[in-house]
Structure formats: C-alpha cells, structure tokens
Amino acid sequence: MLYARTASAQEVQQKIPEKTRLLFLLDASGSMLAKWENSVRMTVAKQLLSDLADSLQVNPNLDLALRVYGHQFHRRFNNCQDSKLEVPFKSGNHEQIKAKLRDIKPQGNTPIAYSLEQAANDFPAANNVRNIVIVITDGLESCGGDPCNISQALQAKGIFLKPFIIGLGSDKRFEEQFECAGQYFDAKDTKTFRLALNKALKQSLNKTTVSLELLDENGAPKETNINSTFINAVTESPMYNFVHYRDRQGRPDTVEVDGVLTYNLQVNTMPAVIRKNVPLEGGEHNVITIPVPQGALNIAMPGHTEYRKGVDVIVRKVNSPQVVNLYKLPRQDRYLEGSYDLEVLTFPKINFRNVAITGGKQTTLSIPNPGIVNISTGVRGYGSIYQIDEEGKQTWL
C-alpha cells in the first residue's frame with residue numbers, strides 16, 4: 001500500500017541547487033503547420049513560449065536556451081541532422097528567444113533522438129546547477145533514432161534531469177514512444193498545452209518536499225528511526241539518504257527532493273521495503289504512507305562467550321536463499337512482520353525454521369549453554385566427533 005497526498009510542510013532538511021538551466025527543444029518540422037483549433041500548431045507554440053520567456057525574466061536563478069529542429073531543410077531533403085541551438089544559455093536572453101521564435105518557419109523532419117543527443121553540448125560545464133529539457137513536438141521520431149535510449153544514457157551521465165515531453169495533438173503512439181524518455185504530457189488543445197507547460201515549470205522551479213508515514217502493526221504512523229533512500233528510478237542512483245524520525249509531538253521530518261525526477265523509495269528495514277515509481281506532486285509537499293510493522297527478535301545464549309570468535313547468526317526469509325541479516329550474538333534486531341529461518345553457527349550449528357515475527361512484540365529463542373570437551377590420548381592418530389539425535393541417528397561433525 002502506498003499513496004501520496006498534499007499536506008503542510010515541516011522543516012526542510014536538504015537543499016536543491018538554486019540555479020536551474022532550462023532548455024526548450026522545439027519541433028519545427030513540417031507537420032507543425034497543421035491547423036489546431038482556430039490557429040496553427042506552430043503559432044500556438046511560439047506564442048506560449050514567448051509568454052513564458054516574458055514571465056520568467058523575473059527569476060534570477062533561471063537561465064533559458066532554445067534549440068530547434070526541422071527548420072533549416074525542407075523534408076524532401078530528408079535531413080536527419082537538422083537541429084540547431086538557436087539561442088544559447090545566457091542571462092537576460094529572453095528578448096533574443098522571442099525574436100528567434102518569430103523567425104522560425106517549420107518545414108523539415110523530426111530528428112528527436114539526434115536533437116536530444118546534441119542538447120548534451122548545450123549545457124556549459126558548471127557545478128551546483130540543475131539542467132532541465134522541455135521537448136515540444138507534434139510528431140514521432142522520423143529518423144530512426146531512439147529517444148528513450150539517448151535520454152536515459154544522458155540522464156545516467158548527469159547531463160540533464162528527466163526531460164518533460166509535451167505532445168501536441170498526439171495519439172496513443174506518442175505516449176508509447178516518449179514515456180520512457182521522460183515525463184510525457186498529452187496536449188490535446190491549447191488549454192492543455194498551457195497546463196502542461198505550467199506543470200513542467202512548477203515541478204522544475206517550485207520546492208518539492210516529502211514526509212514519510214511509516215505504519216506499525218495497528219496502521220498507526222509510529223515507526224521511527226529507520227533509514228530510507230530515494231533512488232533515481234531511471235539511473236538507479238541513490239539521491240537522498242536520511243533517517244526517518246518523529247519528534248515528541250509525533251511529527252515526521254521533512255526532506256526536500258527534486259520534483260523533476262521519478263523515484264524508487266527504499267525503506268531500509270530488515271528486509272527492505274521497496275516502492276517503485278513513487279507518486280509525487282512536484283512543487284508541493286507530499287506525504288508517503290508505507291506499512292512497515294516490525295517485531296523484535298532476541299536469541300538468549302548465556303554461554304556464547306565460550307566461542308573464541310563469537311557466535312554468528314544468519315537470518316533469511318522462509319524458503320529464500322537471500323540473507324536478511326548476519327550478526328554476532330548477543331544482539332537484538334527488529335524485523336518486518338513475517339516468518340524467518342535462522343542458522344546459529346554454534347558447533348554443531350542450530351537451525352530454527354519458520355520463526356514468526358509479530359509486529360510490536362518480541363520473539364525470544366533460547367540456546368543451551370555450550371560445554372567443553374578435552375580429549376587426552378597417549379598415542380597419535382585421527383578421531384571424529386558425531387552428533388546423535390533423539391532417534392539414535394548420528395551425523396558426522
């Protein structure tokens with residue numbers, strides 16, 4: 001069970017880089033001349049981007065750039081490298097972007113993958129900045145490229161964050177091709193186009209925060225002091241690590257995350273609880289609720305100090321080879337509610353099968369004290385030690 005909801009934020013503990021660089025990647029292929037409502041697709045795109053350039057002038061921590069594809073060669077030339085950075089990143093270049101938008105005339109192909117690849121060179125080397133791409137297109141890749149592979153490879157290299165892709169007058173094939181390349185918006189008309197742009201900007205520029213509600217065995221958000229990790233769902237790189245904590249009033253701590261990315265959340269209980277593609281509302285405070293009922297396990301063995309190297313304990317989920325925990329006695333740990341198999345590496349080793357862990361309770365297992373055997377002999381030779389069970393069967397040790 002996992003869901004997110006909007007709530008009021010507590011204190012933010014982590015900061016996102018203040019500086020953002022936003023690249024508009026605009027489709028100027030011939031299909032952008034198609035009629036759209038009472039206008040033309042290209043005309044609508046130019047107007048909305050010009051309006052954005054105006055409104056974003058007041059943000060001192062935001063730089064803009066404009067790359068266009070499909071505008072230099074007519075489609076009869078089948079030019080699949082028709083992509084150009086028309087306005088590079090520069091402070092105060094808003095009027096330059098508006099002027100360039102007025103001059104663009106759609107006519108060519110749709111080399112989206114190539115344009116994304118070239119966009120990697122559009123962001124000058126810099127530290128402590130966020131690089132974001134907004135792709136505006138009314139067509140699918142027409143040059144045989146793979147926008148998904150290119151986008152994911154560049155994200156993995158840290159060139160830019162997960163792109164926004166806005167499809168104008170699109171069909172179902174758009175989402176199939178682009179949802180793996182970035183966050184896809186379907187703009188069926190001018191109104192939804194404007195909403196998509198605004199949502200992309202909200203996720204990019206507004207603060208996004210998260211609180212965790214980790215539920216106990218009664219469904220109450222009382223579990224605390226648990227390490228958690230937000231992982232980039234595309235690159236699988238850990239982005240934020242923190243220990244979930246509740247204050248004396250029971251309020252959870254708050255973490256600021258980048259609202260552009262999609263995350264897998266790993267709550268590092270034993271075993272870990274993983275939720276993929278966690279639904280977050282960018283630009284707002286989100287509360288994520290995950291059940292993690294835990295119980296304690298204690299192994300009582302008064303004579304563990306008789307072993308020179310201590311006594312190791314291996315814990316696995318029932319019928320699973322994967323190790324959940326490996327530790328030395330004495331120690332008490334908490335585990336998710338469920339059944340576990342344990343190997344206690346005494347001599348001989350002791351196996352506990354199907355040990356039930358109940359949320360909010362402690363399970364105690366007892367092991368008898370070890371004894372010491374001294375063997376004295378007057379002659380040299382070989383000997384063996386056997387374990388004999390209750391039925392008289394022996395096992396060589």
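Residues numbered from 1 in each chain as written. Predicted model: local features only at pLDDT ≥ 70, side-chain atom pairs only at ≥ 80, totals over all residues. Heavy atoms only, no water.

Novice: I'm lost on the overall build of the chain in this one. Help?
Specialist: Looking only at helices and strands, one finds six helices and 25 strands in the chain. Relative to the 2.2 N^0.38 estimate, which gives 21 Å for 397 residues, the radius of gyration of the chain is 30 Å and therefore markedly larger than a compact globule would have. For the chain, the spread of C-alpha atoms along the principal axes amounts to about 100 × 55 × 35 Å. Taken across its 397 residues, the chain has 47% of its residues classed as buried. Across the chain, the fraction of contacts at a sequence separation of at least 24, relative to all contacts at a separation of at least 6, is 67%. (Helix = DSSP H or I, 4+ residues; strand = E, 2+ residues; numbered from the N terminus. Rg over C-alpha atoms; globule rule 2.2 N^0.38 Å. Buried < 20%, exposed > 50% of the residue type's maximum accessible area, 1.4 Å probe, protein only. Contact = heavy atoms within 4.5 Å.)

Novice: Please clarify how the pairing of strand β17 (residues 294-300) should be interpreted in this entry.
Specialist: Within a regular strand, side chains alternate between the sheet's two faces. Summarising burial for β17: five of the seven residues are buried, a large majority. Judged from the four bridges that link them, β17 and strand β20 (residues 333-336) form a sheet pairing that is antiparallel. In the sheet register, glutamine 294 faces β20, and the bridge partner there is leucine 336. (Pairing = 2+ DSSP bridges.)

Novice: I'm lost on the side chain of serine 29 in this one. Help?
Specialist: Looking at the secondary structure, you find serine 29 in the loop between β2 (19-27) and β3 (35-36). Polar side-chain contacts of serine 29 include one of 3.5 Å to the side chain of threonine 110. (Polar contact = N/O pair within 3.5 Å; in protein donor to acceptor, adjacent residues only side chain to side chain.)

Novice: I tried to follow the sheet that holds β2 on my own but got confused; where do I start?
Specialist: Paired through backbone hydrogen bonds, the strands of a sheet run either parallel or antiparallel to each other. If you walk across this open sheet you meet the six strands as β6-β5-β2-β7-β8-β9, and the pairing is mixed. Edge positions in the open sheet fall to β6 (83-87) and β9 (183-187), since each of these has one partner strand only. For this sheet, the mean inter-axis angle between neighbouring strands, taken without regard to orientation, is 20°. Pairing between strand β8 (residues 164-168) and β9: five bridges, direction parallel. Bridge pairing in β9 links glycine 167 to aspartate 186. Along the sheet face, helix α6 (residues 190-205) touches β2, β5 (62-69), β7 (129-137), β8 and β9 and points at about 155° away from the line of β9. (Axes fitted to C-alpha atoms, helices over the stretch in contact; angles between N-to-C directions.)

Novice: Is there a simple way to explain the packing of helix α1 (residues 41-55) against helix α2 (residues 94-103) in this structure?
Specialist: A pair of packed helices can be characterised by two numbers: the angle between their axes and the separation between those axes. At a closest axis distance of 9 Å, the pairing of α1 and α2 adopts a crossing angle of 170°. It follows from the interaxial angle that α1 and α2 lie roughly antiparallel. For the pair α1 and α2, contact is made by Lys46, Leu49, Ser50, Ala53 and Asp54 and by His94, Glu95, Lys98, Leu101 and Arg102, respectively. Split into classes, the residues belonging to the contact of α1 with α2 amount to three nonpolar, two polar and five charged. (Parallel < 35°, antiparallel > 145°, perpendicular 65-115°, else oblique. Nonpolar A, V, L, I, M, F, W, Y, C, P; charged D, E, K, R; others polar.)

Novice: Where do I start with the state of the cysteines in this structure?
Specialist: Cysteine pairs can be covalently joined through their sulfur atoms, and such a bond is termed a disulfide. Applying the stated criterion to the full structure yields two disulfides. Residue cysteine 80 pairs covalently with cysteine 143 via a disulfide, S to S 2.2 Å. What sets the handedness of the cysteine 80 and cysteine 143 disulfide is the S-S torsion sign, and at about -90° it is left-handed. Remark: cysteine 143 occurs in the loop between β7 and α4 (147-156) and cysteine 80 occurs in the loop between β5 and β6; sequence separation between them is 63 residues. Using a relative accessible area of 26% as the deciding quantity, one classes cysteine 80 as partly exposed. At a sulfur-sulfur separation of 1.7 Å, the disulfide partner of cysteine 148 is cysteine 180. The S-S bond linking cysteine 148 to cysteine 180 shows a torsion near 65°; that makes this disulfide right-handed. Taken together, the residues cysteine 148 in helix α4 and cysteine 180 in the loop between α5 (172-178) and β9 connect sequence positions 32 residues apart. Judged by relative accessible area, which is 32%, cysteine 180 ranks as partly exposed. (Disulfide = S-S within 2.5 Å.)

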